[in-house]
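# Breakdown of the fold
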Amino acid sequence: MNVPALSQPATLISETSQPESPVACRIREIRQSALAMLSHALRSPLISDSQRAVATAKAAGCHDIWQLIKWHTAVIKYVAEVKAGVRLSHPEPEQAQEPEPARIEPQVPEVTAAGTAQKQAVLRGDGGGQGGRTRQYRPARRMSAEKLVRLRAANQARRDAVEQRRVPMPMWAETPRLTALPGGLCWSGQGEVPEVGKALMVSRNGGLSGKATVRGYFHAEGFLGLVADFENIPAKYQQAPRSLFVFGRDVQPIAA
């Protein structure tokens, strides 16, 4: 198909009887240059005649120079992608051959039946006798209770460390975990720090004494202390919250 060139001014620029100003003359020259560039790009053999005809018709009625330049850039990019194999060139409508229905119709039930048979073989797990893969599942591994407790304790310790850096635990504040307290505290008692729920004997002069169990922990002035839950609390100590706070030197473990 022979398409007229875009650079012909007789088909693109209308004649006017008035003299043309220098600015209008310069705009016309720039537009003709843009049209010439687009026409040269459309001469590529990778562009079909139908595409070339549509682009020529649009460019002939376009007076926007910037739009012509964008179309030229798009054509150059399209040709480069077709050469690189990224895009496929559009064939001419008369050259496109549609597949014959007589050849496709017999193949449809065969493909469907084969796909159904393969799917049923996979679901059965026998592979259909053609080397199919069998689904095998490993039995679930159960975690022991001791390991689960250790993992939870380690996870809680990491969260307590982050919280301690963000908001330090204040003095005389009760907490159920040692990991929630700041590091470097001194334990004034003998042996290890008793765990929560352990029974002990508290003996101190002028203070609340007797049998108690560990309810929590606290810290004050660099020392680690226990929050004791006494069995019997006299009335004079019920209004004193710090009477339940004891240090290690006042604690003696009870033999089991």
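Just above sits the structure.
The following paragraphs examine the structure supplied in this document.

Along the backbone of the protein chain there are eight helices and five strands. What you see in the protein chain, going N to C, is helices and strands ordered as α-α-α-α-α-α-α-β-β-β-α-β-β. If you take every contact in the protein chain between residues at least 6 apart in sequence, the share linking residues at least 24 apart comes to 55%. By element, 55% of the accessible surface of the protein chain is carried by carbon and sulfur atoms, the whole surface being about 18900 Å².

This paragraph deals with unusual backbone geometry. Glycine aside, a negative phi is what most residues show, and trans is what most peptide bonds show. Phi angles above zero are rare outside glycine, and Trp 172 is one such case at about 60 degrees. Note on placement: Trp 172 falls in the loop between helix 7 (145–166) and strand 1 (199–202). Classification of Trp 172 by relative accessible area gives partly exposed; the value is 29%. For Glu 221, which is not glycine, the phi torsion reads 55 degrees and is therefore positive.

Attention now moves to the nonpolar core. The biggest cluster of nonpolar side chains holds 21 residues, and the ones touching the most others in it are Leu 200, Leu 226, Phe 230 and Val 246. Breaking this core down by element, the ones donating at least two residues are strand 1, strand 2 (210–220), strand 3 (223–230) and strand 4 (245–247). Residues within four places of Leu 200 in sequence aside, it is in contact with Pro 194, Gly 210, Lys 211, Ala 212, Val 214, Leu 226, Val 251, Gln 252, Pro 253 and Ile 254. Judged by nonpolar contacts, the second largest core, of 13 residues, contains Leu 42, Cys 62, Val 75 and Val 82.

Before going further, it helps to spend a moment on the side chain of Ser 44. Here Ser 44 lies in the loop between helix 2 (22–42) and helix 3 (49–60). For Ser 44, a relative accessible area of 12% corresponds to the buried category.

What the rule picks out here adds up to five salt bridges. One salt bridge connects Arg 26 with Glu 29, and the closest N-O pair in it is separated by 3.4 Å. Within this pair, Arg 26 and its partner Glu 29 are both found in helix 2, separated by three residues, close to a single helical turn.

The next thing to look at is the packing of helix 2 against helix 4 (residues 65–84). Their axes nearest at 9 Å, the elements helix 2 and helix 4 cross at an angle of 15 degrees. One way to sum up the angle between helix 2 and helix 4 is to call them roughly parallel. Judged by the twist between their axes, the crossing of helix 2 over helix 4 is left-handed. From helix 2, Ile 27, Ile 30, Arg 31, Ala 34, Leu 35, Met 37, Leu 38, Ala 41 and Leu 42 reach across to helix 4, where they touch Ile 65, Leu 68, Trp 71, His 72, Val 75 and Ile 76.

Calculation notes
- Residues numbered from 1 in each chain as written.
- Predicted model: local features only at pLDDT ≥ 70, side-chain atom pairs only at ≥ 80, totals over all residues.
- Heavy atoms only, no water.
- Helix = DSSP H or I, 4+ residues; strand = E, 2+ residues; numbered from the N terminus.
- Contact = heavy atoms within 4.5 Å.
- Areas by Shrake-Rupley, 256 points an atom, 1.4 Å probe, with all protein chains shown as cover.
- Buried < 20%, exposed > 50% of the residue type's maximum accessible area, 1.4 Å probe, protein only.
- Core = buried A, V, L, I, M, F, W, Y, C linked by side-chain atoms within 4.5 Å.
- Salt bridge = Lys/Arg side-chain N within 4 Å of Asp/Glu carboxyl O.
- Axes fitted to C-alpha atoms, helices over the stretch in contact; angles between N-to-C directions.
- Parallel < 35°, antiparallel > 145°, perpendicular 65-115°, else oblique.
- Left-handed = near helix turned anticlockwise from the far one by under 90°.

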